[in-house]
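Take a look at the letters that make up each chain.
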Amino acid sequence: MKIQIEAKELKTLIEKVLPIVPKKAQFSFIQTILVDSSKGKLTLSGSDYESFLSVSTTSYSELEGGKMLISLADAKLITKLNGSLTIESQDAVWSDGKYIVHCVIKDGKKKITIETIDIERYLSVPEVDGSNDVVSVNSSSFLKTINKLYPLLLQGSNNMLLTCYNLNISKKRIEAMNTLLAGVNDFEFSSLEDDGSNICKSILLRGSVNGLLKKIVNKTDSELIISTNDKTVFITGNDFVLSQKRVEGKYYDVDRIFGDSGYVPCLNFTINVPSVIKTVNFGIDVKKADGQNKLPLAVCYEKSSSKCYTAIKTPKHTVVDEVDMINSKSVPKDDFLIGVDPVFLSEVLKCIDTDEAEIKFYKPKSPIFIDGKGEKYLVLPWSLGDEATIDSYIK
């Protein structure tokens, strides 16, 4: 392989691939970047076993096509070079019982020789050609949606479904949940097939896609193409392909979780989202100041005053805030008290795009539902104990 390329252009490619290459790995060959020059297109690829990222450019000169595998350390070294680069792989030489291929990189008067890695040891890069189930998404809307739903995923869980977004294409929404939170956002998927006959109903997408896309999607990527085959999910932009191994399994029945149970909420009103976030976050700060991270936020409705409060009670502090009940739809006949993890409640509220949202409470041990415009969320309660009373929190 022999190519000529501006150092700035090569640096851009390397820096896009670097985030997917693990800094620590059981096998050293995974801590590498594959360089492939073919038919006037230079492609750099990296992998973390579960995902592959390939970024490409045509802004270079191909004098001779070919492939080589370079170490993570050498890739970082190359990013420090300047000016016009000539990169050429040498013929293999026998040394210490094995064949070694060197690569010479010329930067003006400077010449660097690096030892490449045996390319036969590298993983096979998935081919997007031949994939189907194709839809397109607006890149900025897609990134915004998966980014705000990311805190609802349970990264590191052995339950793979809880680490994934569910792209529910048939019902035009993106879903995410863990053991205590759930969220659904309406989303428009556009079929690239005339009749949409080749589109699957849903695609599971690993949560790691969020951080990677934020680093590689740029202004030229107005839309992203999502396609699949039997083993892989592909996300394609103007100059990159991000692929992930398909996650097997059926996602949770979100309609059943959020569906109409037939019960009327005992407490149902509209909240000012920024105001409640501020209140909840202050409660979190009070807990941290007292070193009491494992304490709930109490939500209290006092029948005698017809007012709703939030309360945090620590050994040193008690903080009570009145919540503005906008457009109250229903209130309980008696006092009502429910606990919730303030950190989880804050995460959900920060997902909401509008200043106002509807909140619904059913029973002290039932989930709390929060609905925004085109989005809805669920937070499981935190038991306050059978002996807890409103007076113990707000008096």
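Reference entry: report on the structure contained in this document. (Residues numbered from 1 in each chain as written. Predicted model: local features only at pLDDT ≥ 70, side-chain atom pairs only at ≥ 80, totals over all residues. Heavy atoms only, no water.)

## What to know about the overall build of the protein
The number of helices and strands found in the protein is eight helices and 29 strands. For the protein, whose C-alpha radius of gyration is 27 Å, the value lies well above the compact-globule estimate of 21 Å for 395 residues. Along the first, second and third principal axes, the C-alpha set of the protein runs to 85 × 55 × 35 Å. Across the protein, contacts joining residues at least 24 apart in sequence account for 68% of those joining residues at least 6 apart. Within the structure as shown, the protein displays about 20300 Å² of accessible surface, and the carbon and sulfur contribution to it stands at 47%. Separation of charge centres in the protein, based on 49 positive and 52 negative side chains, amounts to 4 Å. (Helix = DSSP H or I, 4+ residues; strand = E, 2+ residues; numbered from the N terminus. Rg over C-alpha atoms; globule rule 2.2 N^0.38 Å. Contact = heavy atoms within 4.5 Å. Areas by Shrake-Rupley, 256 points an atom, 1.4 Å probe, with all protein chains shown as cover. Lys, Arg positive; Asp, Glu negative; His and termini not counted. Charge placed at Lys NZ, Arg CZ, Asp CG, Glu CD.)

## A look at the pattern of salt bridges
According to the stated counting rule, one finds 14 salt bridges in the structure shown. For Glu322, the salt bridge identified is with Lys307, shortest N-O distance 4.0 Å. Linking Glu322 in strand E24 (residues 318–323) with Lys307 in strand E23 (residues 307–313), this pair joins segments that are 15 residues apart in sequence. Here Lys307 falls in the partly exposed class, since its relative accessible area comes to 33%. In the salt-bridge network here, residues are joined through shared partners; they are Lys144, Lys148, Asp353 and Glu375. (Salt bridge = Lys/Arg side-chain N within 4 Å of Asp/Glu carboxyl O. Buried < 20%, exposed > 50% of the residue type's maximum accessible area, 1.4 Å probe, protein only.)

## Observations regarding the nonpolar core
Counting 92 residues, the largest nonpolar core has Leu44, Ile87, Phe142, Tyr165 and Leu213 as the members making the most contacts within it. The residues touching Leu44, leaving out its near neighbours within four places in the chain, are Leu10, Leu13, Ile14, Val17, Ile33, Leu34, Val35, Leu53, Ser54 and Val55. With 13 residues, the next largest nonpolar core counts Leu204, Val247, Tyr251 and Phe369 among its residues. (Core = buried A, V, L, I, M, F, W, Y, C linked by side-chain atoms within 4.5 Å.)

## Focus: the pairing of strand E15 (residues 181–186)
By the criterion of burial, E15 is predominantly enclosed, with five of the six residues buried. Pairing of strand E14 (residues 173–177) with E15 involves five bridges; the strand directions are antiparallel. Note that in E15 the partner of Met177 across the bridge is Ala182. As paired elements, E15 and strand E29 (residues 375–379) share five bridges and run antiparallel to each other. Across the sheet, the residue bridging to Asn185 is Glu375, located in E29. (Pairing = 2+ DSSP bridges.)

## A few points about the packing of aromatic side chains
Centre distance and the angle of the planes are the two values used to describe a pair of aromatic rings. Going through the model one piece at a time under the given rule, you end up with eight aromatic pairs. Measuring from centroid to centroid gives 5.9 Å for Phe142 and Phe187, while their planes differ by 70°, and the two rings are edge-to-face. Remark: Phe187 occurs in the loop between E15 and strand E16 (190–191) and Phe142 occurs in helix H3 (residues 139–149); sequence separation between them is 45 residues. Assigned by exposure class, Phe142 and Phe187 land together as buried. When the ring of Tyr251 is compared with that of Tyr252, the centres are 5.5 Å apart and the planes differ by 65°; the resulting orientation is edge-to-face. Here Tyr252 falls in the partly exposed class, since its relative accessible area comes to 30%. Taken together, the ring pairs in this structure connect Phe142, Phe187 and Phe189 into an aromatic cluster. When the ring centre of Tyr263 is taken as reference, the NZ or CZ atom of Lys363 above it lies at 5.8 Å. (Phe/Tyr/Trp six-rings, centres within 6.5 Å; stacked < 30°, edge-to-face > 60°. Lys NZ or Arg CZ within 6 Å of the ring centre and 35° of its normal.)

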